[in-house]
Amino acid sequence: MTDKTRAAVVEERALAKSGMTVTPPAPLTRADAEVPPAAVQMMSTNIHLDAAHPTEQSFATSQRFSEEAALEAFAELAPGKAPELLAARSPRTWLQYRSAVHVFQKWCAERGRNALPASAETFCRWVEHMIGERRTIATIASYRGAIAAWHRLNGHRLDATMAGEWMRAARRRSGPPRRAAALRADHLRAILAKLDPAAPADCRDGALLLLAWGAALRSDEVTALDWMREGPHHAGGKGAVVLEDAGVRVVLRRAKTTQASRVEVPIPHDDLKPLQIWLKRWTDIARIAPGTPLFRPFRHGVILPARLGSPAVTHVLRRRALGVAMAAGADEIEARIEAGRYTSHSPRRGLITEGVEKGVPFATLRRRSRHRSDQQLVAYVDDAQAWTDSGIRFE
């Protein structure tokens with residue numbers, strides 16, 4: 001199944017759950033695409049759009065990260081334990097833990113080994129197997145955390161000492177992980193300059209990239225935002241975007257590094273003037289109601305009611321970066337290579353890089369980036385300072 005087909009299936013399921021049906025519009029010409037916002041035809045809670053992206057690849061967020069699904073995963077991982085412990089981690093984490101444990105259990109069953117409690121030798125052999133399967137060290141480390149937590153919840157201790165040596169050896173052989181390219185301010189301006197303010201997909205992408213950049217948001221944070229106020233918890237939201245006289249306020253009910261407390265990220269109007277403009281364009285043209293998902297996927301020129309999934313952020317950025325590179329006259333192969341350097345992490349890295357170059361204090365950068373520790377942020381700062389403060393002055 002191709003990526004586009006897989007995305008279409010996900011979206012069809014989302015529509016089926018909502019009880020809506022969609023009749024795809026006829027193929028569009030470029031002339032049809034260049035219409036004012038008033039030409040948008042409203043039909044029920046779907047919007048049939050005269051847009052230039054009738055087959056845009058998009059992603060609909062699955063309901064599998066619901067509280068109910070997390071409770072089911074927790075009950076499987078820790079039978080008999082108090083359900084209040086569910087609040088110790090996010091629903092997504094519990095579901096990821098269960099998935100990792102299933103992988104480990106299957107491997108042990110195929111080899112006649114005991115999965116719980118697992119011996120140090122069994123776990124070490126499993127890590128060797130995962131390395132042989134060419135899994136990344138980051139993936140193996142996340143699995144290790146899940147399996148260790150599973151053991152603790154059931155009164156056991158996982159001895160991963162020797163397995164850790166295998167992971168260190170594999171990490172040294174593979175070299176440093178590939179880092180996403182920073183989305184610099186000038187490149188973001190170039191992307192915005194090519195967007196059509198009358199095209200709904202362009203309005204969404206402009207608002208999405210500006211918000212991710214200005215608030216240093218992770219992909220699962222920016223796509224989990226509701227408009228103007230938080231919607232119901234079961235809808236998959238993590239916070240809201242609120243327009244105020246002074247600018248835009250991003251409210252995160254929970255985030256990667258702050259599961260227990262709310263976080264507010266103010267973006268003053270004068271600091272990022274285009275943000276309010278593109279947010280207003282998008283919410284007006286798509287008629288986003290308060291308390292509902294802010295960013296949504298398209299299919300055949302239709303805005304779906306589902307929440308946009310986090311993988312779409314990388315897709316949007318790469319597609320827009322490719323368009324800029326091609327318009328600048330780059331060879332198609334080189335343009336695709338350049339666009340491929342960007343990921344959903346690029347806006348976040350780009351904001352930090354811009355801040356370092358402008359001399360923004362470290363404490364201010366960390367407050368915006370919300371890194372768990374200084375050490376994590378230092379890596380970003382060092383990368384940026386290498387080009388502005390090398391210590392070399394040869395004239």
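Just so you know, the residues in each chain are numbered from 1, in the order the chain's sequence is written. Local features in this predicted model are restricted to residues whose pLDDT is 70 or higher, and side-chain atom pairs enter the listing and the counts only when it is 80 or higher, whereas totals over whole chains, interfaces and linings include all residues. Only hydrogens and water are set aside; all other atoms, that is, all heavy atoms of the structure, feed into the side-chain values.

**Q** With reference to specific residues and values, describe the overall build of the chain.
**A** What the chain contains, in helices and strands, is 16 helices and eight strands. Out of the 395 residues belonging to the chain, those deemed buried represent 45%. The long-range fraction of contacts in the chain, counting pairs at least 24 apart against all pairs at least 6 apart in sequence, stands at 63%. Counting from the N terminus, the helices are the DSSP runs of H or I reaching at least four residues and the strands are the DSSP runs of E reaching at least two. Working definition: with a 1.4 Å probe on protein chains only, accessible area under 20% of the residue-type maximum means buried, over 50% means exposed, and in between means partly exposed. The contact criterion used is simple: two residues touch if any of their non-hydrogen atoms lie within 4.5 Å.

**Q** Describe the pairing of strand β6 (residues 263-268), listing the residues and the values that go with them.
**A** A one-sided burial pattern is seen for β6, the buried positions being V263, V265 and I267 and the unburied ones E264, P266 and P268. With six bridges joining them, strand β5 (residues 247-252) and β6 adopt antiparallel strand pairing. Paired with R249 across the strands is P266, a residue of β6. For two strands to be treated as a pair, DSSP must find no fewer than two bridges joining them.

**Q** Any chance you could break down the environment of V378 for me, citing the residues and the numbers?
**A** Structurally, V378 is set in helix α16 (residues 374-385). Look at V378 and you get partly exposed, because its relative accessible area is 31%.

**Q** Help me get a handle on the confidence of the model for the chain, residues and values and all.
**A** Residue-level confidence of the predictor is summarised by pLDDT, bounded by 0 at the bottom and 100 at the top. Mean pLDDT for the chain: 82, with 77% of residues reaching 70 or above. Mean pLDDT per element in the chain: strand β1 (residues 41-43) is the minimum at 27, and helix α9 (residues 200-214) is the maximum at 98.

**Q** An account of the pairing of strand β4 (residues 239-244) is requested, with residue identities and associated values reported.
**A** As defined by bridge partners, strand β3 (residues 225-227) adjoins β4 across three bridges and the pair is classed as parallel. Among the inter-strand pairings, D226 is bridged to a residue of β4, identified as A240. Sheet analysis places β4 next to β5, joined by six bridges and oriented antiparallel. Paired with V242 across the two strands is R249, which belongs to β5.

**Q** For the sheet that holds β4, give the residues involved together with the corresponding values.
**A** An order of β3-β4-β5-β6 is seen for the four strands of this open sheet, with the pairing classed as mixed. Edge positions in the open sheet fall to β3 and β6, since each of these has one partner strand only. Going from strand to strand, the sheet's axes swing by 25° on average, the running direction of each strand aside. For helices, the fitted line uses only the C-alpha atoms of the stretch in contact; every axis is such a line through C-alpha atoms, and the angle between N-to-C directions lies from 0 to 180 degrees.

**Q** Which residues make up the packing of helix α5 (residues 120-132) against helix α7 (residues 161-174), and what values do they have?
**A** In a packed pair of helices, the relevant descriptors are the angle between the two axes and the axis-to-axis distance. For the pair α5 and α7, the least separation of the axes is 8 Å and the interaxial angle reads 20°. Overall, the two elements α5 and α7 adopt an arrangement that is roughly parallel. When you trace α5 past α7, the crossing you get is right-handed. Taking contact as the criterion, the partners of F123, C124, V127, E128 and I131 in α5 are, on α7, M162, A163, W166, M167, A170 and R173. Residue classes follow a fixed rule: Ala, Val, Leu, Ile, Met, Phe, Trp, Tyr, Cys and Pro count as nonpolar, while Asp, Glu, Lys and Arg count as charged, and any other residue, Gly among them, counts as polar. In the contact of α5 with α7, the residues fall into nine nonpolar, no polar and two charged. Oblique is the label for any angle not under 35 degrees, not over 145, and not in the 65 to 115 range, which are roughly parallel, roughly antiparallel and roughly perpendicular in turn. Should the near helix be turned anticlockwise from the far one by less than a right angle, the crossing is termed left-handed; should it be turned clockwise, right-handed.

**Q** How would you summarise unusual backbone geometry if you had to cite specific residues and measurements?
**A** In the segment running from L116 into P117, the intervening peptide bond is cis, with an omega of -5°. Mapped onto the elements of the fold, P117 is located in the loop between α4 (91-110) and α5. The phi dihedral of R287 is positive, around 55°, even though this residue is not glycine. By the secondary structure assignment, R287 is in the loop between α11 (273-286) and β7 (298-299). Since its relative accessible area comes to 56%, R287 is described here as exposed.

**Q** Could you give an account of the pattern of salt bridges, with specific residues and numbers?
**A** Here a salt bridge means any side-chain nitrogen of Lys or Arg lying within 4 Å of a carboxyl oxygen belonging to Asp or Glu. Taken as a whole and judged by the stated rule, the model has 26 salt bridges. Across the pair R341 and E338 runs a salt bridge, and its minimum N-O distance is 3.0 Å. Residue classification places E338 among the partly exposed residues on the basis of a relative accessible area of 30%. Taken together, the salt bridges that share partners define one network made up of D202, R204, D205, R319 and R320.

**Q** So what's going on with helix α3 (residues 67-77)? Residues and values would help.
**A** For α3, every residue scored as buried is listed here: A69, A70, A73, F74 and L77. For α3, the angular spread of the buried residues around the axis is 140°, confining them to a single face. Of the residues in α3, the exposed ones pointing more than 90 degrees away from the buried face are E68 and E72. Check the buried side of α3 and you find it contacts α4 and α6 (137-153). When we speak of the arc, we mean the arc of directions from the helix axis to the C-beta atoms.

**Q** Give a description of the nonpolar core that names residues and reports values.
**A** Counting 54 residues, the largest nonpolar core has L211, V250, W282 and F295 as its most contacted members. Listing elements by their share of this core, those giving two or more residues are α8 (185-193), α9, β3, β5, β6, α11, α12 (311-327) and α13 (332-340). Of all the elements, α9 adds the most residues to this core, at nine residues. Only buried residues count toward a nonpolar core. Its members are Ala, Val, Leu, Ile, Met, Phe, Trp, Tyr and Cys residues joined through side-chain atoms within 4.5 Å.

**Q** So, the environment of A224: which residues are in play, and what are the values?
**A** Its location among the elements puts A224 in the loop between α10 (219-222) and β3. Sequence-wise, A224 and P293 are 69 residues apart; in three dimensions their C-alpha atoms are separated by 7.2 Å. Residue contacts for A224: discarding those within four places in its chain leaves G236, G237, K238, G239 and R307.

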